[in-house]
Every structure is written in structure tokens, then in C-alpha cells.
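Chains, contacts and geometry: an overview
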Amino acid sequence: MDVDKDNCLCNVFWADARSREAYKEFGDVITFDTTYLVNKWDMPFAPFVGVNHHGQSILLGCGLILREDTASFVWLFETWLACMSRCSPNAIITDQCKAMQNAISIVFSNVRHRWCLWHILKKVPVKLNTYEAYESIKSSLRNTVFDSLSIGEFEENWKNFILTYQLGDNQWLIGLYEERHRWVPAFVKDIFWAGMSTTQRSESMNAFFDGYIHSKTTLKEFVGQYDNVLHNKVQKEDEEDARSFNVQVKNVSPYGFENQFQEAYTIGKCKDFRTQLAGKIACTLIAVKTIDGISEFEIEEDIKCGETEYLKTTTFHVRFNKASIESNCTCRLFECKGIVCTHILVVWTKEKLNRVPEKYVL
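The notes below deal with the structure included here. (Residues numbered from 1 in each chain as written. Predicted model: local features only at pLDDT ≥ 70, side-chain atom pairs only at ≥ 80, totals over all residues. Heavy atoms only, no water.)

With that out of the way, let us pick up the overall build of the protein chain. Helix and strand counts for the protein chain come out as 15 helices and 12 strands. Oriented by its inertia axes, the alpha-carbon framework of the protein chain measures out at about 75 × 60 × 35 Å. Among the 362 residues that make up the protein chain, the fraction classed as buried is 46%. Within the protein chain, contacts between residues at least 6 apart in sequence are counted, and of these 62% link residues at least 24 apart. Surface exposure of the protein chain reaches about 18,300 Å², of which carbon and sulfur atoms provide 50%. When the 41 basic and 47 acidic side-chain charges of the protein chain are each reduced to a single mean position, those positions are 2 Å apart. (Helix = DSSP H or I, 4+ residues; strand = E, 2+ residues; numbered from the N terminus. Buried < 20%, exposed > 50% of the residue type's maximum accessible area, 1.4 Å probe, protein only. Contact = heavy atoms within 4.5 Å. Areas by Shrake-Rupley, 256 points an atom, 1.4 Å probe, with all protein chains shown as cover. Lys, Arg positive; Asp, Glu negative; His and termini not counted. Charge placed at Lys NZ, Arg CZ, Asp CG, Glu CD.)

What follows is the structure in C-alpha cells.
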């Protein structure tokens, strides 16, 4: 507990033993959000949320803070870090709160900080609806952000977007562009994000608390209800563990590496892998060139783009070392989400591989 000079309560933090243990396994990436007001003093609820091996949201500690200022966030982050044996996460996702950003730079100076895409796009109606071509601007902005697969492509698309709608003097867009490395997918897909791009993990956790707490909940009642919520979450995780150990999912391909993934993955992650395997139907192998034992495969994929989901043919390149089975794709899905992409699977199936290195499975 954090108290002021008059011994009045300012901030509270707590984490149970299970959360501390879970952090050791699933603490690579966390989301942090304070948009959920939970008690009669309107102290923002501040959960640290991760994702487990089933793709479920998990609580990794939480707090109640009196003020959303830099000092409060520094206290909360420092307290949480001490509770987690001073092991920082690799990455953190938040909204655009300046005080939060300042505190992260102080406490987590070496941690990759990403802004929540959902929070940014939610502001579009407020920031851009005065323009006559608002509907076209909104659609074009989303296409520019989500359909740009490389940094160079984003830069070109953004330039065209600004010029087309004469938005060069819009201060909100200028600020977003200056911080593009914090939120544009093309800039952040070089490291692991556990499949998260928004703080919706935090928001879904907030929704999970609904029914247990309300605006009149006292601090003492809240702590008790928190335990009830954790018990419910643990029960759901145990149920998924049981399913994964006892349910055998039928293979959809004749390739031996699929058995590897089925042995190592939970059912939820198996489904993600199967989605990539099924995606091969939209891919075409165009060309292969080999130099010094390293093959580069050129693969075209038909991808749905924009709100109308029109089909766009996009080219990807996979580098493949036949001796080590080292495989890298320009889409960077494996680096970003930990799931082997459909383009690498095109190569593996062409090479008729039975086993692949453990790093691709774990």
C-alpha cells in the first residue's frame, strides 16, 4: 500500500502466488490498461494482463491507483517489478497516456513499448469527422495501417494518403506519424507480441470482473471478489488443460511435422497452426533460387484487404537452409506471434519434411 504524508491511502497493489508463477512462463508480453473504474472512490483498476498457452487472458497482478499521473504509475510499476523478482517483460502494450509512457521510460527503459491500435482508431471519428470526405478518409487510413506489410510500403501508402486527402496540417495525424514505430504493425512485427496488438486483453479481463464488482464495491469487498475471479479463471484453464491432454485432433496433412506440433501444442494453438496450414490454398510458389545451400522461395498469396475484403496478391520471400531447416519469411509471423506462417509451410511441404527444429514447435 502507498500512503501520503497524512497516512491516507493513495495506491494499492497485490498479486497472488499463482500470478507470480504464471509470470515466469507467460511474462514475455503484458498489456496494461486503466479504463475500468471499480470502486466507490472511482480509483482506476490497473491490471497487468498476459496470455497463456491456451490463448486465455491471465492476471499477473493488479492495482488501484488514486491518480493517473507519472508518480503513481512509477510506484505501481516498481512495486509490480519487485513482486516479479525484478524480471522485466520484453514488451508492454498500453494506450497513449503520456504519464504512463513517462513511467515506462523510467521503470522499463529497455522494454519495447507499443500503443494499442484499438484506442488509436477509436479516436478517428473525433479527430477526422469534420472533413467532407470523412468516410473515405477513415477507410483509407485503416487500409494504410493494416495492409502495409513492410515499412517501405507503409511510408509510401501514408504519403499518398496524406496527399490524396490534403491532411498535411492535421496535428493529430502528424503526431501519430512521428510515433509510428509505437503502433503501426509494419514497424513492430520484428519481436514477439504473443498475438496481441491491443489492450483488449485488459478490456476482456475487465469484462470478466463484471458481475463480481460494481461502482459501490469497497476495497475490502474488492479483494475478496478478486479471489473469486481468480478461482473461476483457474478452473477454466484447468478445463482447457484437461481437453488438451485427452483430446486428439485428427491431422489434416500427411506430413510428419504436423505430429510434432500436435504433441507440443494445446488445442487452441493447434487451431492457430491449422489456420496457417489451410492458408496454403491461397498461395502459389512462383520461383526458387539457391546460392551456397540457401534457397530463397518467392511465394504469392491472395490476401483479403480493406473493409470490402477485396483480394490483393502479395509476394513473400522465404529463406530456407536445407541442412539446418532454418526458415525465415518476410511476413515475420513467427517472430511476432510464435506461429509458423503459411509461407514457410509451403516450403516445408514442398521439401516433404517429417521433422523440424524444436524452436518452431515451442
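Moving on, we get to helix α13 (residues 267-278). Here α13 contains 12 residues, and its C-alpha end-to-end distance of 16 Å stays within 8% of the 16 Å for a straight helix at 1.5 Å per residue. For α13, every residue scored as buried is listed here: Ile267, Cys270, Phe273, Arg274, Gln276 and Leu277. In a view along the axis of α13, the buried residues occupy a sector of 165 degrees, so they form one face of it. Across α13 from its buried face, at more than 90 degrees, point the exposed residues Lys271 and Thr275. At its buried positions, α13 is contacted by α11 (219-246), α12 (257-264), α14 (333-337) and α15 (342-350). (Expected span 1.5 Å × (residues − 1). Arc of directions from axis to C-beta.)

In this section: the pairing of strand β8 (residues 112-115). One ladder, built from four bridges, connects strand β7 (residues 91-94) with β8; its direction is parallel. Paired with Ala91 across the bridge in β8 is Arg112. Once the chain exits β7 it traverses helix α3 (residues 98-107) before rejoining the sheet at β8, and the crossover so formed is right-handed. (Pairing = 2+ DSSP bridges. Right-handed = clockwise from strand over helix to strand, strands pointing away.)

The next subject is the nonpolar core. In this structure, Leu128, Trp158, Phe161, Leu173 and Trp183 are the most contacted members of the largest nonpolar core, which totals 32 residues. In contact with Trp183, other than residues within four places in its own chain, are Trp115, Leu117, Ile120, Val145, Trp158, Leu176 and Val188. Among the nonpolar cores identified, the runner-up in size contains 29 residues, and Ile325, Phe334, Ile344 and Val361 belong to it. (Core = buried A, V, L, I, M, F, W, Y, C linked by side-chain atoms within 4.5 Å.)

The next thing to look at is helix α6 (residues 134-146). Here α6 contains 13 residues, and its C-alpha end-to-end distance of 18 Å stays within 8% of the 18 Å for a straight helix at 1.5 Å per residue. Residues of α6 that are buried: Tyr134, Ile137, Ser140, Leu141, Thr144 and Val145. Viewed end-on, α6 has its buried residues packed into an arc of 130 degrees, placing them on one side of the element. Looking at the packing, one finds that the buried side of α6 touches α4 (117-122), α5 (124-128), α7 (151-164) and α9 (185-188).

Positive phi, normally seen in glycine, also occurs at Ile325, with a value near 65 degrees. Its location among the elements puts Ile325 in the loop between β11 (310-321) and β12 (326-329).

This part covers the packing of α12 against α13. Two numbers describe how α12 lies on α13: the axes approach to 9 Å, and their chain directions differ by 155 degrees. Regarding the angle of α12 to α13, the classification is roughly antiparallel. For the pair α12 and α13, the contacting residues are Phe257, Glu258, Phe261 and Gln262 in the first and Cys270, Phe273, Arg274 and Leu277 in the second. Partitioning the contact of α12 with α13 into residue classes produces five nonpolar, one polar and two charged. (Axes fitted to C-alpha atoms, helices over the stretch in contact; angles between N-to-C directions. Parallel < 35°, antiparallel > 145°, perpendicular 65-115°, else oblique. Nonpolar A, V, L, I, M, F, W, Y, C, P; charged D, E, K, R; others polar.)

What follows concerns a nonpolar patch on the surface. A contiguous nonpolar surface patch, about 310 Å² in accessible area, is contributed by Met1, Val3 and Leu9. Inspection of the secondary structure assignment puts Leu9 in strand β2 (residues 9-14). Owing to a relative accessible area of 34%, Leu9 belongs among the partly exposed residues under this scheme. (Patch = residues over 30% accessible without salt bridge, like charges linked within 9 Å, V, L, I, M, F, W, Y side chains within 5 Å. Salt bridge = Lys/Arg side-chain N within 4 Å of Asp/Glu carboxyl O.)

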